[in-house]
Amino acid sequence: SGERLALPTRPSTWAAVGALVAVGGVLLFFLVLVVLRRWTASAVSYAFVLFPVVAILLSSLLERTPVTLGQVVGTVVVAFGVWVGALAPTRAPDDLDVVRALGDGDAGLSPVDASR
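As a convention, each chain's residues are numbered from 1 in the sequence order in which they are written. Local features are withheld for residues below a pLDDT of 70 in this predicted model, meaning they are given only at 70 or higher, and side-chain atom pairs are given and counted only at 80 or more; totals for whole chains, interfaces and linings count all residues. In computing side-chain properties, one takes all heavy atoms of the structure into account and sets aside hydrogens as well as water.

J.: Can you help me understand helix 1 (residues 11-38) in this one?
T.: Quick reminder: α-helices carry 3.6 residues per turn. Residues three or four places apart thus point the same way. Elements are defined by DSSP. Helices are runs of H or I of four residues or more, strands are runs of E of two residues or more, and each kind is numbered from the N terminus. Expected helix span is given by 1.5 Å per residue-to-residue step, counting one fewer step than there are residues. Between its terminal C-alpha atoms helix 1 stretches 39 Å, which fits the 40 Å expected from 28 residues at 1.5 Å a residue. The bend reported for a residue corresponds to the angle between axes fitted to the seven residues ending at that residue and the seven starting there. Of all the bends in helix 1, the greatest measures close to 30° and is centred on Leu-28.

So this is what it looks like as structure tokens:
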């Protein structure tokens with residue numbers, strides 16, 4: 001691009017960088033550790049999925065940045081993945097599922113024996 005790499009020279013810029021590192025890096029890391037003590041790791045990981053959605057909404061509200069179709073589609077796809085991975089109801093396997101898993105009775109077990 002033809003631009004020369006240069007470090008900031010103004011003290012106010014360095015103060016802003018220091019504040020971002022202190023708050024955005026160190027303090028938020030400790031807050032995540034506090035949350036991990038109270039929630040399960042799975043719940044915390046799914047909370048992290050919401051961060052980009054919050055960033056899109058805040059950017060739209062505060063900076064008047066338009067929300068794009070790609071952002072909406074991506075949000076829907078991720079939300080669906082979270083629902084399938086963590087929130088969708090599961091059913092307990094019945095006796096027939098157990099027999100199929102054993103190879104349709106290759107072990108010589110009846111469905112009643114296979115469930116034991």
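Let us keep going from here.
J.: For this particular structure, what's the right way to read the packing of helix 2 (residues 41-49) against helix 3 (residues 51-62)?
T.: Helices that pack against each other are described as a pair by the angle of their axes relative to one another and the distance between those axes. At their nearest, the axes of helix 2 and helix 3 sit 4 Å apart, and the two run at 30° to each other. Overall, the two elements helix 2 and helix 3 adopt an arrangement that is roughly parallel. Contacts between helix 2 and helix 3 involve Ala-47, Phe-48 and Val-49 on the former and, on the latter, Phe-51, Pro-52 and Val-53. Here the contact of helix 2 with helix 3 is composed, by residue class, of six nonpolar, no polar and no charged. Fitted lines through C-alpha atoms give the axes, limited to the stretch in contact for helices. The angle between two N-to-C directions lies from 0 to 180 degrees. Each angle is binned into one of four classes, with values under 35 degrees roughly parallel, values over 145 roughly antiparallel, values of 65 to 115 roughly perpendicular, and all other values oblique. The contact rule is simple, with two residues in contact once any of their heavy atoms fall within 4.5 Å. Lys, Arg, Asp and Glu make up the charged group, whereas Ala, Val, Leu, Ile, Met, Phe, Trp, Tyr, Cys and Pro make up the nonpolar group; the residues left over, Gly among them, are polar.

J.: When you look at the packing of aromatic side chains in this model, what are you seeing that I'm missing?
T.: Each aromatic ring pair is characterised by the separation of its centres together with the angle its planes make. Ring geometry is summarised as follows: Phe, Tyr and Trp rings, the Trp one being its six-membered ring, pair when their centres sit within 6.5 Å, and such pairs are stacked at plane angles under 30 degrees, edge-to-face over 60 and tilted between the two. By the definition in use, this model includes two aromatic pairs. The interplanar angle of 65° and the centroid separation of 5.9 Å between the aromatic rings of Phe-29 and Phe-30 together place this pair among those described as edge-to-face. Given the relative accessible area of 49%, Phe-29 is considered partly exposed. With a centroid separation of 4.8 Å and 70° between ring planes, the pair formed by Phe-48 and Phe-51 is classed as edge-to-face. Here the term buried applies to any residue with accessible area under 20% of the maximum for its type, exposed to any over 50%, and partly exposed to those in between, with areas from a 1.4 Å probe on protein chains only.

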